[in-house]
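Remarks on the overall topology
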Amino acid sequence: MGRMGDVLAGIHSTWEFEADSVLIRFERGIRTPKLFHVLGERRVPYEALSSVELAPGGKRGTVVLRAEPRTGADPLVEAAAGQLKHGSDPYRLVLPAERETLADYYATELRAVLGADADKPAEHHLVAAPKPPHSFKAYDGKASFDGSTVSFRWFWTGASSSKWKAGDQSFPVSELEGVEWRSPEIASGHLRVLPRRGRPPENGEPDKDPASVVFGIGYGLVHESLPFAASVLEAVRAAEPATVAGASNPSGSSRHGHSGTRADPADIAERIRHLKELHEAGLVTDDEFDKKKADLLSEL
C-alpha cells in the first residue's frame, strides 16, 4: 500500500495510509458535520473494506473517494442502517478536483490490499465504536451507557404514562441482542434496545415501549445518539459468546422465562423506591403499585 505514512487530505477529513490500515482523522471545522467532531479519528483495517470507488462529488470541482465497509465490520455503519446523509458518511473523502489523479492512485492501491474475504460479511467487528461512557437527552428521557449497562431515566415532561408506570429502566448488555436506531432526521426517530429473551415490547410504538427513547426536534441528535447506539451494539456483540455458552445451561431458565441471572437487589430496591414516588404522586393506582411491587420482588 504505497508508502507508510502517505497522507491524502480532503475537505472534512484526512486519510493516512499505513501498513495494514487507514487512519481517518476528521477536521473540527465549523462546517464539518458534528458527527465527525465526535468521532475524532478512526482506524480502519484494510480487511474491514469490501470495495473502493472514485466518483464526481456533489459539489462542482470536487471528487469523492469512498470506501465501502464489509457488512458487519463497523458497528457505527451497522447501527446507522443506511440512514446517514452523504455528508456525514465517515467513509467518504471529499477532495478538490485537481487531486483526482492522486485520489485515483490511492483508490487503485486500496483495491490491491483488500482482503480475500472482501465480498463476505465480517464475522465480528473490525472497526472500533466510539468509547463509552455516552449519554444524551431524548424527548422523553435521558439515555446513558457506561459500557456495561444501558439506562433510561424518564422525564416528567415527555414520557408516556406507560413508561412512567414501568419506571426507569436498566438493561445489562449481556441481556440484549441488539439495538435499533432511527435517525432523528427522519420522522419518529428513536433508539430501542432489544432484550434477548422474554420481555417483548408491550407495544410496538417506541413512545410506549420502556425499552426505547424517542427523539424530537433538538433531542437525540445524530452526533449524540448514533455513537451511543454503535457503542452499545459493539458491547452486545462482545458479550455474545459468553451469553450463548450460558444459554445452553439447563439450569439457566427461570420461572419467569427471562434470563437465568438473578436481579440485583439494589436495582430492585431502587425501582421500588421510584415506584413509590410515582404512587405518592398519584401517577400509579394502589392496585398498580401493589402488583408492580410484587412483580419486582418476585425477580429476587
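Throughout what follows, the structure given in this document is the object of discussion.

1. Some details on the overall build of the protein chain
Each helix and strand in the protein chain was counted, giving 7 helices and 14 strands. Here the protein chain, with 300 residues, has 42% of them falling under the buried criterion. Considering only contacts in the protein chain between residues 6 or more positions apart, those separated by 24 or more positions represent 61%. Per element, the accessible surface of the protein chain, about 15,800 Å² overall, is 52% carbon and sulfur.

2. A look at the environment of Phe 152
As for its position among the elements, Phe 152 is in strand β10 (residues 149-154). In this structure the C-alpha to C-alpha distance between Phe 152 and Pro 210, which are 58 residues apart in sequence, comes to 8.3 Å.

3. Description of the sheet that holds strand β5 (residues 49-56)
With respect to topology, 3 strands assemble into an open sheet ordered β5-β6-β7, the strand pairing being antiparallel. Each of the sheet's edge strands pairs with one partner strand only, and the pair in question is β5 and β7 (92-96). Looking at each pair of strands side by side, their axes are set apart by 15° on average, direction ignored.

4. Points about the side chain of Thr 149
Residue placement: Thr 149 occurs in strand β10. Note on Thr 149: relative accessible area 19%, which makes it buried. The residues contacting Thr 149, other than those within four sequence positions of it, are Ser 144, Ser 170, Phe 171 and Pro 172.

5. Focus on the sheet that holds strand β12 (residues 176-182)
Strand order in the open sheet made by the 3 strands is β12-β13-β14, with antiparallel pairing throughout. Each having just a single partner strand, β12 and β14 (212-214) make up the two edges of the open sheet. On average, adjacent strands in this sheet sit at an angle of 10° to one another, irrespective of strand direction. Summarising the sheet, strand β13 (residues 190-195) and β14 pair through 3 bridges and their orientation is antiparallel. When the sheet's bridge partners are listed, His 190 is paired in β14 with Val 214.

6. Some details on the environment of Pro 45
Within the secondary structure, Pro 45 sits in strand β4 (residues 41-45). In the structure, Pro 45 is positioned 27 residues away from Glu 18 in sequence and 9.2 Å away in space, judged by C-alpha atoms. In this structure Pro 45 touches Asp 20, Ser 21, Leu 126 and Val 127, once residues within four positions along its chain are discounted.

7. Topic: the packing of aromatic side chains
The tally for this structure, following the rule as stated, stands at 11 aromatic pairs. A ring pair is formed by Tyr 139 and Tyr 219, whose centres lie 5.9 Å apart and whose planes are at 80°; its orientation type is edge-to-face. With Tyr 139 in the loop between β8 (134-137) and β9 (141-145) and Tyr 219 in the loop between β14 and α5 (222-247), this residue pair connects regions lying 80 residues apart in the sequence. Taking the relative accessible area as the measure of exposure, Tyr 219 reaches 33% and is therefore partly exposed. Here the aromatic cluster, defined as three or more aromatic residues joined through ring pairs, consists of Trp 15, Phe 17, Tyr 105 and Tyr 106.

8. A closer look at helix α3 (residues 100-112)
Counted at 1.5 Å a residue, the expected span for α3 with its 13 residues is 18 Å, and the 18 Å between its end C-alpha atoms agrees. Turning to α3, its buried residues number three or more, namely Ala 103, Tyr 106, Ala 107 and Leu 110. End-on, the buried residues of α3 take up no more than an arc of 105°, which puts them together on one face. Away from its buried face, by an angle of more than 90 degrees, α3 presents the exposed residues Thr 101 and Ala 112. Contacts made by the buried residues of α3 are with β1 (6-9), β2 (13-17), β5, β6 (62-69) and β7.

9. Some points on the pairing of β6
Extensive coverage of β6 is indicated by the burial of 6 of its 8 residues. When β5 meets β6, the two strands line up antiparallel, connected through 7 bridges. In the strand pairing of β6, Ala 55 is matched with Val 64. Hairpin geometry of β5 and β6 is characterised by an intervening segment of 5 residues between the two adjacent antiparallel strands and by a positive phi of about 80° at Gly 61. Inspection of the sheet shows β6 paired to β7 by 5 bridges, in the antiparallel sense. When the bridges of β7 are listed, Thr 62 appears paired with Pro 96.

Basis of the calculations
- Residues numbered from 1 in each chain as written.
- Predicted model: local features only at pLDDT ≥ 70, side-chain atom pairs only at ≥ 80, totals over all residues.
- Heavy atoms only, no water.
- Helix = DSSP H or I, 4+ residues; strand = E, 2+ residues; numbered from the N terminus.
- Buried < 20%, exposed > 50% of the residue type's maximum accessible area, 1.4 Å probe, protein only.
- Contact = heavy atoms within 4.5 Å.
- Areas by Shrake-Rupley, 256 points an atom, 1.4 Å probe, with all protein chains shown as cover.
- Pairing = 2+ DSSP bridges.
- Axes fitted to C-alpha atoms, helices over the stretch in contact; angles between N-to-C directions.
- Phe/Tyr/Trp six-rings, centres within 6.5 Å; stacked < 30°, edge-to-face > 60°.
- Expected span 1.5 Å × (residues − 1).
- Arc of directions from axis to C-beta.

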